[in-house]
Structures are given as structure tokens and as C-alpha cells.
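Chain by chain, the residues run as shown.
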Amino acid sequence: MAAPLPLPALHATHAGIWIADPGGELREATRGEAIARAAETPHIVLNAPLVGQRLGYAELSGLDLLELFAFLHPARFAVPTPAGLSRAVGLEAPSSEAEAATVLQTIAAKLLAVLADADWAEREGAWTANASLQRLGWGWASLVGARLERPERGERMLFSRLPQWEETGEQVPPLATSVRPAEAEAKLAELTGKGAEPREGQKAMAAAAAPIFAPRQARDGPNMLLAEAGTGIGKTLAYLAPAALWADRSGGTVWVSTFTKALQRQLDSEGPRLFADPKERAKRMVIRKGRENYLCLLNLEDALQGGFAGRAAILAQLVGRWAAYSKDGDMVGGDLPGWLPSLFRRAGATALTDRRGECVYGGCPHYRRCFIERAERAGRDADLVIANHALVMINAARSRETAPDRIVFDEGHHLFDAADSTFAVALSGQEAIELRRWIVGPEGRSRGRRRGLSARLMDVASYDDEGGVALEQAIEAARMLPSEGWLGRIAEGAPFGPVEALLAEVRGTVYARSKAQDAGYGLETELASPDGPLVDRAAAALESLEALHKPLSVLSRRLEAVLEDAPDWLDSQARARVEGAINGLKWRRETLAAWAALLARVGGAADSDFVDWLSVDRVDGREYDIAINRRWLDPTRPLAETVLKPAQGVVVTSATLRGGDDWDTADQRTGAAYLESSVGHFEAESPFDYGTCSEVLIVTDIKQGDIAALAGGYARLIEAAEGGTLGLFTAIARLKAVHARIADRLARAGLPLLAQHVDPIDPGTLVDIFRDDPRASLLGTDALRDGVDVPGESLRLVVMERVPWPRPTVLHAARRMAGGGSAYDDRVVRARLAQAFGRLIRRQGDRGVFVILSAAMPSRLLRAFPPGVRVSRVPLEEAILRVRERLGGRPADELSVAQGRCEPVADPH
Ligand code: SF4
């Protein structure tokens, strides 16, 4: 075992602060002492921002083990805790928080020892990167440099080490072929393997999904199936079986779309069953995300060559290390550790992706190695593309790619929300600035390679006079859009240009009309009866948007003409760049047209298909955007038009597709109601005996608004369950207040408490830490719920602070009125309860208790829970007893079914 590194180490949790001195001697320290020591000498720490927060010393820096790990093992996963990192380097996890400080020294030594290991797989590029990191003042650089031998031959540049993608031929349409139900069942049997016990629900679902892949019978009439498959059915393989068969036979591609990254990962893990050979698998099963998720190599090159400074430049070097070893260049939810950007307080991470659509395609020197282009091309030839709802919808609505025509939407209960955001329109200051930057390019003090349209189309503009003039006119018109400093100018009453002037008027109207201004949160008001000045400003802004739209349209036409003419200089790279510009222009023109429609409505009649409102976005009282917003009253209408109707076959599935309601509701929430073709419905109940392995407790004696009682309730329930608790809140302020009151107490009892919005860690990593430690608990807002897929003992208690009623927004009020008033609210709450309950029992052997700390829980909502689950209204003391009885003490795998283990009722697998 490596000897501990003779440098001091500092470990701080809610339970205490420990310092291990260079000789390994350990002692507990006060906050003041730890701060003074850390300010004087760099200490080995694990997650400096988190330790800094625990100490109340945000500037804390040190020798962060996570940065060293990311340097040595880029693209490798590790849970960012002393226990997680110990395991990742092959050490025993520390037996106590106190011991963790000395373990940090041993981890450091073990990591640095890798540098001398001849078998170190990620050696290439390390020497060059460390030399740059040394110049940037990275804390570890001299320790690494002293142990790293200079390579005999110069290292290859990062960019030349990345593989090039191959150009693929024209996409051939799939053969018109079908899959018979019996064939789907046989394929399923092959996938589940010999000897697997038959699962009737799964078999039935595979058979029901098979006909969906056949060619459709009528235009705009896709074959469509809505399938509600309870937890434990094995629905993933049930639809993958016919999908894989059809793709194999037809040469076509099936898109499997999820809402959460957790399910994407789960689907990826099914890959080996479908394609045993890893090479074949990589070709035939591809994960796709939106382009803003991937590293843009041109942005990285810019950052490495001085575009970034300070800590952001160090992050760029570590991202550069990762890029060379990454499977697919996905920076968000891929193999870049989610915690890495948080260590740098996210400085620079988003600027490394192509978030603003500034790609220059064939004009980019890295085009042939670009991760985004590679993923897109790989998807064209794949049998299965694993994507997400937003990407499928955006592709169908505005992509240069062919829209998917066989689609499986898993987590289908999220289709409504995904469509709601995809088809939303907002004319806001931030959005307008993005558009201005895309056209005009960098202005003022902004740095970097960000280029405007003229730099991207210089050769076209000099070749085509009309195009050149249109380009100049567009740039001129875009200069009337908001620019940096716009919020300050509006606050001072000195807006520049018609759009800023309009937003100033919007802000005035919002403040004049909205309530609860002191709370510091976002404000909004309906766009109803606008007053004279607002109407006038909207008319002026409309004029200026039209002045921009016109030259952009001319430019698009001219670019298309250039493609048709194909002059000599138009090689394949230039063609790709012009095509990229045409696509980008199309999208911007559509945005402008949508904004124009919204502005035309300010002075005119309301359109009953839409809900329009004005808003000022604020966090803790600080304004960061002002907007006129538009949402579809029913976003499944554009979903049906742009995604469902053009498709040949669509399966929508979820464990809670109906949310305790009838099929009509599911038809409405998925867009199926807008189809003229008939839609199939399939249902398979969960095989689990929920009545035995779970129960619901409604606590009757915690008064609403009594934070002390609420915090006490949380603490005692977590203690009774000995951790493993997911606490869900409907308000961030209450989450923070509860966390502040109970985190220390629980930590001292050996029960770590993590919290979204409190800990400086991204939500995905919080869930990873929670999953890794059965004694940890996690507090989060309602939105965290969907990303929590934690089977087993780590999640055994869900505690909801209140009934999750929808927030009373303008949008909600409109949908509520259209959707049957309180019945609409009930549907929303039932769906949320069903989802939250669904976190508890993920697989065979799980057990769990679901607690609601609010007596105001109407009985009519209780059908959200699976049949057979006992629901009791009890005082807190009784709830604690029951939780202790069911969850405290022995782990589930030592229990029998009679003692509350979850097993299938009659259909074991
Ligand atoms: S092709 Fe576009 S997205 Fe890819 S690296 Fe180049 S500029 Fe970035």
C-alpha cells in the first residue's frame, strides 16, 4: 500500500473538521483554526468548494484530489467522497469521518504513484498538459511534474489523436417490412436468456408493440400504441425486442427517446444483450443528445490557446485531457465527471460546448474529428438511437437531419412537459442578445473566437453581391437588438433601441400588476389589456424585427442559389458550412417570425391556442431577464403535427402513463387525441405485491408553516430509517431552512444529509453520492424527483413536505380553466404522487415507506398509489414507530417477504 503523502490534509463535514498533519497525526480542529491553516499552507482536500462551504470560507483552495483524479484518469467514474475515491483507487473506505483526513493523504500518494506505472492507460498527453498546467499555477503540477518522465518522443497534439469520422452515403429508406407478435416474443426470449422465468406482462407487451413497426396504412396516421407497464414488468426489453428485429430486417433506425439521463444510461447498459460484440454494438446502438451537450473542439482550442484565464484555463486543460479519452465527447451526463465543472464553479464549462449554434461546420479545422458530427453520422447508420424527448422534437421541428419515423417514447408521462418547453416562445433580453451575437459576432470586450455571420460567410459575401448586401443589412438591423448592459440601462430608464424600450415597458407593467414582489422570486402577469405605451413599444419593436427578418430571408435565398450554382471554390467543406448557415438562418427566421406573431398580439386579439404573459425573472431579488412569453395551451398539438403525424410508428410507454386516470387522459397528454388513425392501448400491472413491501403514511400533526416542527419531523424520520431517505420539497426556501436545522444533528449520528440548492454539487452527482451510501439522505425540490433512479437499500423512505399542488402561474391558471378546474389540478397532483412513489420500489427485493408531512391530503388523490398499498393517517410519533419497524435495523436482503421484502405476486422473474 502507498505511504501517505507527507502533506497536511483537511476534511470537513457537518459533523466536524479534521486535520491530518504531514506526519499523519490526526486531530479535530475549530473552524477558525482550519481556515487559518488552509490559508497559510495548501492542504489536500476532496472537493474544495464543498469543504470551503462547510468552513464558511468560500475562497478555500488547496490540493483537490478530484482534480488530480480527473487529470490521471480522465473519463473514468468515481463517486466524489472519501469512500468513493478510496474504492476508485483500490483502497478500503475510511471507517469514520475522522479517519477520512488521513485516508486523503493515502489516496494522494496512491494517485501520484500512478505516474510511475508503466501500464498507466492514460499517459499520452499528460506531460504536455502538465507543462501547461504548471504555467497556469495548478496546485498539483509540480508534484506531478516531479514524478512524470518526459516522453522520449514529442506527444501528439490532442486534436490529431482523436479519430476521424467516415463520410456515409445517402441514407437509404428502410424496407417495408413487419414484425409478427410471435417473432417479437421469440426475440424477447433470446434477449432475456435461456432459463429466465417467463414474465407474462413483458411477453404481452413485446407482442403488442410488434405491429407498430409495420408501414402505416394512411398518411398522417402513424401506428401508435400507448402502453402502461407497471414497475417490474421489464418494459425496456419488451419494446427493444421488436424494435431491434425491425431495424435488422428493414435497415432502418428506431429512435428510443427518454426524458432522464438515468434511463438513457440504463438503455445503454442493455446494449450487450442486443449486440454482444463491442465493435458491432458501437455501430448499431448510438446515444444522441442535443448539440449543446457536446464539447466543441474549436471552442476548446480557443480556450487552450489563451481564450480562458485563471481557473477556467485549468478546467480547459482537464477537459482537454478528458476529450482524448472520452467515448463520445458528451460533457453533460456522458463520461465527463459531473463534479468536474462544479469544482471550477462552472466557470467556462458551458463556453466549451456549442450552445449558441456558432458552429462553422466544414469551415472548422476540426470538422472531421468533431464529436457532434461523429454522433450525428453514427446515428444515421445505427439500428437504435437512444435520444431524449427534446432532441427528437427539435429534430422533427427544425433540423437539417431526417426526422425519425419509428419512435419509442419511454418515460412517456413527460411528453407533455417536453413538448411544452420545446414549442415555447420567449422574446426576452437574453434571447435577443443571443441572436444579436450570432449575427454580429463579438463586440466590446468579449474575447474568443466567437464569430459573427459575416466572418462565417465572408467568401460567399464576396462572391455574391446581393448576398453581401443582405448580410450587411442584417448586421445593421441586428445592432438594434439588446446588447450587454441592457438590464442596467433599463433599470436606469435609458434603454437603447426598440426591443430594449419594449422590455423596459414590460418590466414596468409587471411591477405595476404582479403580487408578492418582496419575496424576491420571479414575477409575472397576464398579457391582457395592455396599456397604450406597451402597445406602441411593441409596434416599434415589431418593425425592427421585420427589418432584420427581411435581409436574413434574402441571405438564405442567396445561399441556396450558391449551392445550386456550385462555384469552383465550393468544395465539400465549404458546402457543409453554407448548408450549416442555411439551417441556422432558417431557425433564426422562425424565431423572429414567432416573436413577431407575439408582438402583433400585444395590440390585437388574443389567440385561444396560446397562453401569453409578461415576466421578470429574479433570483433572490436580483433581476436577470425580462420577457414576453408564449406557450401552447395544449403543447401536444404541435407535438402531434410535427412528430407524431409524420412518423410511421410510435410507442409511448411509462409505468404511470395514465397517472391513475382513464385512457382518454393519456391520449390527451401524449398527442394521440389529435390523430385520426386509431391508437392502441396496452396495460400490464406491476407484478409486485406493493401491499406487503410498502405503505403510505400521512402525518396529521405537523402544522403548515411551522418550520421547526417540519424540520424535527424530517430529522426523526431519517433517524428512524437510518438514512436512505429522499426528502421532496415544493419550495427551495423551506428546503434550505430544514437543511440548516438538521444537517449537523444527523451528521453527528453518522447520517450524512445532502441537499440540492445547498451543496455546491450538480444534481446528478448528488444522486450518485446518495446511491453510494445507504446511510445518506438527499433533500431536493420536486424537479429532482425524476432523475432519481436508485434501486435497492439506498432509497427506502420518501418524505414529501406537502401535497405537490401546481404553482399558481398564469400558464397554470389558463390550463386549469381549459382542463376542468380542480379536476385538472387533481390530475397533476396524482401524476406527481405516482411518480414520487415510483422512486421507492424499483426492483425485486426493494421495500419502502412513503410519508407526507401534511394533513391536508384529500382522500380523492390517494388512488395515485398502486392498488393494495395501505394508506394511514397517523400522528408523527406513530409514523416514526412504523418507519423504524419497517426500515430500521436489518437490510432488506435479510428479510423475508412476510417482513416486507418486495416480491412479485404470482409472476416471478
Ligand atoms: S464542427 Fe462545429 S461544433 Fe464541431 S468542433 Fe468545429 S465548430 Fe465546434
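What you are looking at is a predicted structure, and each value in this text was computed from that prediction instead of being measured.

Novice: Hey, could you go over the overall build of the protein for me, with residue numbers and the actual values?
Specialist: Scanning the protein for helices and strands turns up 37 helices and 23 strands. Taking 2.2 N^0.38 as the reference for a compact globule, 909 residues should give roughly 29 Å; the C-alpha atoms of the protein span a radius of gyration of 29 Å, in line with that estimate. With respect to the principal axes defined by its C-alpha atoms, the protein has extents near 75 × 65 × 65 Å. Sequence-distant contacts, at least 24 apart, represent 76% of the contacts inside the protein between residues at least 6 apart. Carbon and sulfur atoms form 50% of the exposed surface of the protein, whose accessible area is close to 37400 Å². Once the 110 positive and 121 negative side-chain charges of the protein are each reduced to a mean point, those two points are 1 Å apart.

Novice: I'd like a rundown of the packing of aromatic side chains, residues and numbers included.
Specialist: Taken as a whole and judged by the stated rule, the model has 10 aromatic pairs. Seen in terms of ring centroids, Tyr 714 and Phe 729 are 4.9 Å apart; in terms of plane orientation they differ by 15 degrees. Their pairing is stacked. Here Tyr 714 is found in helix 32 (residues 707–721), whereas its partner Phe 729 is found in strand 18 (residues 725–729), with 15 residues between them in sequence. Taking the relative accessible area as the measure of exposure, Tyr 714 reaches 0% and is therefore buried. Taking the relative accessible area as the measure of exposure, Phe 729 reaches 1% and is therefore buried. For the pair Phe 837 and Phe 850, a centre-to-centre distance of 5.9 Å together with 50 degrees between the ring planes defines the contact as tilted. Remark: Phe 850 occurs in strand 22 (residues 848–852) and Phe 837 occurs in helix 36 (residues 822–838); sequence separation between them is 13 residues. Of the residues examined, Phe 850 reaches a relative accessible area of 0% and is grouped as buried. Put simply, the rings of Phe 688, Tyr 690, Phe 837, Phe 850 and Phe 865 touch in pairs and so form one group of aromatic residues. The side chain of Arg 368 reaches across the aromatic face of Trp 165, ending 4.4 Å from its centre.

Novice: Run through the pairing of strand 13 (residues 610–619), naming residues and quoting values.
Specialist: Of all 10 residues making up strand 13, eight are buried, and the element is well covered by its neighbours. Two strands pair when backbone bridges link them, and strand 12 (residues 523–526) and strand 13 are joined in this way by four bridges, in the antiparallel orientation. What sits directly across from Glu 526, in strand 13, is Trp 613. As paired elements, strand 13 and strand 14 (residues 622–632) share 10 bridges and run antiparallel to each other. Bridge assignment links Arg 618 to a residue of strand 14, and that residue is Glu 623. Between the end of strand 13 and the start of strand 14, which pair antiparallel, lie two residues, with Asp 620 showing a positive phi angle near 50 degrees.

Novice: Describe the site of the ligand, listing the residues and the values that go with them.
Specialist: Taken together, Arg 291, Cys 296, Leu 297, Leu 298, Cys 359, Val 360, Cys 364, Tyr 367, Cys 370 and Ile 372 are the residues near the ligand. Along the lines of polarity and charge, the residues of the shell around the ligand split into nine nonpolar, no polar and one charged.

Novice: Report on the pattern of salt bridges, specifying residues and quantitative values.
Specialist: By the definition in use, this model includes 49 salt bridges. Note that Glu 270 is salt-bridged to Arg 273, the shortest N-O span being 2.9 Å. Looking at Glu 270, the relative accessible area reads 12%, which means it is buried. You can call Arg 273 partly exposed: its relative accessible area is 43%. With a closest N to O distance of 3.9 Å, Arg 558 and Glu 466 form a salt bridge. Placement of the pair is Arg 558 in helix 27 (residues 532–565) and Glu 466 in helix 24 (residues 465–478), with a sequence separation of 92 residues. For Arg 558, a relative accessible area of 23% gives the class partly exposed.

Basis of the calculations
Residues numbered from 1 in each chain as written. Predicted model: local features only at pLDDT ≥ 70, side-chain atom pairs only at ≥ 80, totals over all residues. Heavy atoms only, no water. Helix = DSSP H or I, 4+ residues; strand = E, 2+ residues; numbered from the N terminus. Rg over C-alpha atoms; globule rule 2.2 N^0.38 Å. Contact = heavy atoms within 4.5 Å. Areas by Shrake-Rupley, 256 points an atom, 1.4 Å probe, with all protein chains shown as cover. Lys, Arg positive; Asp, Glu negative; His and termini not counted. Charge placed at Lys NZ, Arg CZ, Asp CG, Glu CD. Phe/Tyr/Trp six-rings, centres within 6.5 Å; stacked < 30°, edge-to-face > 60°. Buried < 20%, exposed > 50% of the residue type's maximum accessible area, 1.4 Å probe, protein only. Lys NZ or Arg CZ within 6 Å of the ring centre and 35° of its normal. Pairing = 2+ DSSP bridges. Near = heavy atom within 4 Å. Nonpolar A, V, L, I, M, F, W, Y, C, P; charged D, E, K, R; others polar. Salt bridge = Lys/Arg side-chain N within 4 Å of Asp/Glu carboxyl O.

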